[in-house]
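# Working through the structure, step by step
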Amino acid sequence: MDSQGYSVAPPQRAGDEAWFRALPQRMIAAWNSGDGAAFAAGFSEHADFVAFEGTHLKGRGEIAAFHQRVFDGEAKGSRLSGGPKFVRLLRPDVAVLHSVVSVTLPGAANPTPSRDSMQLFIGTKTAGEWRAEALLNARRLTMEQQLFADDFESLSAPQKQQVRDLVRALQARPLAGISGTNTRPPVPAQAGLRLMPA
């Protein structure tokens, strides 16, 4: 076992699946503690990590450094929750994992649905040790959310700004006669949690 606790013992199907099922939980714990090195520890030296908006990170070192900057900046104070959906061993030394993640923004009591994401990992086993070789992160959108995004993209730049201004105005004041609304603090314009989640 390595210093991060990511290696596995002799090849056994149950043990191999268990390693992969634990990987998203370790990454979530690392995100919540703001530890970029621990977040990247399960990846290989030359792994590919593609964030939801297309950022391509190459290698464990770049994955760690990028996420440490995110943890110290725009994602500071955010929390992830979630876990694996399924693991499939394609061969004794190749596996695929699907997981899902929700993001709770700083100051919020509950996750923000628009930040929900899903991940697809590919891992390989070399010399008895598993590592993630690739991860693709994508947003989970409902059809309603997608249609709203389509409508928003059809607007002109000034119209888009009007929509943003309206949203901020609605966030700043509760709706009359409706309790429990606008309990989430306004999201800063520059906030864009890039990874797993976000």
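Note that this is a predicted model, so its numbers are computed, not measured.

Attention shifts here to the environment of Asn32. Along the chain, Asn32 turns up in helix H1 (residues 13-33). Residue Asn32 is classed as partly exposed on the basis of its relative accessible area, which comes to 22%. On a C-alpha basis, the gap between Asn32 and Lys76 in space is 9.0 Å, while along the polypeptide they are 44 residues apart. In this view, Asn32 contacts Ser78, Arg79 and Leu80; residues no more than four positions away in its chain are not counted. Within the local environment of Asn32, its side chain forms a polar contact with the backbone nitrogen of Leu80, the two atoms lying 2.7 Å apart.

Turning to its location among the elements, Ala38 is positioned in helix H2 (residues 36-40). For the pair Ala38 and Ile28, spaced 10 residues apart in the sequence, the C-alpha separation amounts to 9.9 Å.

Within the element layout of this structure, Lys125 appears in strand E5 (residues 117-126). Within the structure, Lys125 has its side chain in polar contact with the side chain of Asp16 (distance 3.0 Å).

Let us look at unusual backbone geometry. For Ala127, which is not glycine, the phi torsion reads 55° and is therefore positive. Note on placement: Ala127 falls in the loop between E5 and strand E6 (129-139).

The full count for this structure, using the stated rule, is eight aromatic pairs. Arranged with centres 4.8 Å apart and planes meeting at 80°, the rings of Trp19 and Phe20 form a pair that is edge-to-face. Like Phe20, Trp19 is buried. Here the aromatic rings of Phe20 and Trp130 are separated by 5.2 Å at their centres, their planes lie at 80°, and the arrangement is edge-to-face. Note that Phe20 is positioned in helix H1 and Trp130 in strand E6, a separation of 110 residues in sequence. Each member of the pair, Phe20 together with Trp130, is buried. Among the aromatic residues, those joined into a cluster by ring pairs are Trp31, Phe39, Phe43, Phe49, Phe71 and Phe121. Its end group placed over the ring of Phe52, Arg139 keeps NZ or CZ at 3.8 Å from the ring centre.

What counts, and where the lines are drawn
Along each chain, the written sequence defines residue order, and numbers are assigned to residues from 1. Given that this is a predicted model, residues contribute local features only at a pLDDT of at least 70 and side-chain atom pairs are listed and counted only at 80 or more, while totals for whole chains, interfaces and linings are drawn from all residues. Each side-chain value is worked out from all heavy atoms of the structure, with water and hydrogens disregarded. Secondary structure follows DSSP: runs of H or I at least 4 residues long count as helices, runs of E at least 2 residues long count as strands, and numbering of each begins at the N terminus. Relative accessibility decides the category of a residue: with a 1.4 Å probe and only protein chains considered, values under 20% of the type maximum give buried, values over 50% give exposed, and everything between is partly exposed. By definition, residues are in contact when any of their heavy atoms lie within 4.5 Å. Here a polar contact is taken to be a pair of N or O atoms separated by no more than 3.5 Å, where protein atoms must pair a possible hydrogen donor with a possible acceptor and residues adjacent in sequence count only if both atoms sit in side chains. Pairing of aromatic side chains requires ring centres within 6.5 Å, counting the rings of Phe and Tyr and the six-membered ring of Trp. Pairs whose planes differ by under 30 degrees are stacked, by over 60 edge-to-face, and all others tilted. Placement of a charge over a ring requires the Lys NZ or Arg CZ to be within 6 Å of the ring centre, with the centre-to-atom vector within 35 degrees of the ring normal.

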